[in-house]
Amino acid sequence: MAPGGGRAGAPPAGGGGGLTVQGLPLLKPPYGVLNAINLDRGELVWQVPHGDTPDAVRNSPALRGMNIPKTGQQGSVGLVVTKTLVVLGDPQVTTTPDHPRGAMLRAYDKQTGKEVGAVWMPARKAARR
């Protein structure tokens, strides 16, 4: 076991790297982001946290009573880009006040990064290899 109760070599359930303290990632969120980069200028256009706050973070006794904003999730699953949207599946299964245990397939506006839609799935979308 690694310090903080995580397994050595495996990322904690919350994301954010391999080291934990009281079951929480040692690194500050966001744990996962979706970035849009203008390749002509090499500039970051927008960046948003992708994925709900992991259950290990949201339900941590150490954070009880705190309002934790969306932290994103470590990993990437199923990216599709259309003329106007970026569609990406959540890499982890979570439970939130907005949906039962499962993962979301999210659509973001390609110009602004604003989430414009999400569909609940009972499990995360598996990456094809």
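This is a predicted model, so every value here is computed, not measured. (Residues numbered from 1 in each chain as written. Predicted model: local features only at pLDDT ≥ 70, side-chain atom pairs only at ≥ 80, totals over all residues. Heavy atoms only, no water.)

A. Here's a closer look at the overall build of the chain. Of regular secondary structure, the chain possesses 1 helix and 9 strands. The contacts in the chain between residues at least 6 apart in sequence include a share of 37% that link residues at least 24 apart. Only carbon and sulfur atoms are counted for the fraction: they give 57% of the accessible area of the chain, which is about 8,100 Å². (Helix = DSSP H or I, 4+ residues; strand = E, 2+ residues; numbered from the N terminus. Contact = heavy atoms within 4.5 Å. Areas by Shrake-Rupley, 256 points an atom, 1.4 Å probe, with all protein chains shown as cover.)

B. Region of the structure containing the environment of Thr 82. With respect to the helices and strands, the residue Thr 82 is situated in the loop between strand 5 (77–81) and strand 6 (85–89). The exposure class assigned to Thr 82 is partly exposed, which follows from its relative accessible area of 34%. Note: C-alpha distance between Thr 82 and Lys 110 (28 residues apart in sequence) is 8.3 Å. (Buried < 20%, exposed > 50% of the residue type's maximum accessible area, 1.4 Å probe, protein only.)

C. Representation of the pairing of strand 6 within the structure. Burial analysis of strand 6 places 4 of its 5 residues in the buried class, which makes it a mostly covered element. Here strand 5 folds back onto strand 6 in antiparallel fashion, the turn holding 3 residues. Both strand 6 and strand 8 (residues 99–109) contribute to a ladder of 5 bridges, which runs antiparallel. Opposite Val 87, over in strand 8, you have Ala 107 as the bridge partner. (Pairing = 2+ DSSP bridges.)

D. Spatial organisation of a nonpolar patch on the surface. Taken together, the side chains of Leu 19, Val 21 and Leu 26 present a nonpolar region at the surface, about 280 Å² in accessible area. On the basis of relative accessibility, which here comes to 47%, the residue Val 21 falls in the partly exposed class. (Patch = residues over 30% accessible without salt bridge, like charges linked within 9 Å, V, L, I, M, F, W, Y side chains within 5 Å. Salt bridge = Lys/Arg side-chain N within 4 Å of Asp/Glu carboxyl O.)

E. Seen up close, the pattern of salt bridges. Following the criterion strictly, the structure yields 6 salt bridges and no others. Residue Asp 55 pairs with Arg 101 through a salt bridge whose shortest N-O separation is 2.8 Å. In this pair, Asp 55 sits in helix 1 (residues 55–58) while Arg 101 sits in strand 8, placing the two residues 46 residues apart along the sequence. For Asp 55, a relative accessible area of 15% puts it in the buried group. The network of salt bridges with shared partners includes Asp 52, Lys 70, Asp 90, Arg 106 and Glu 115.

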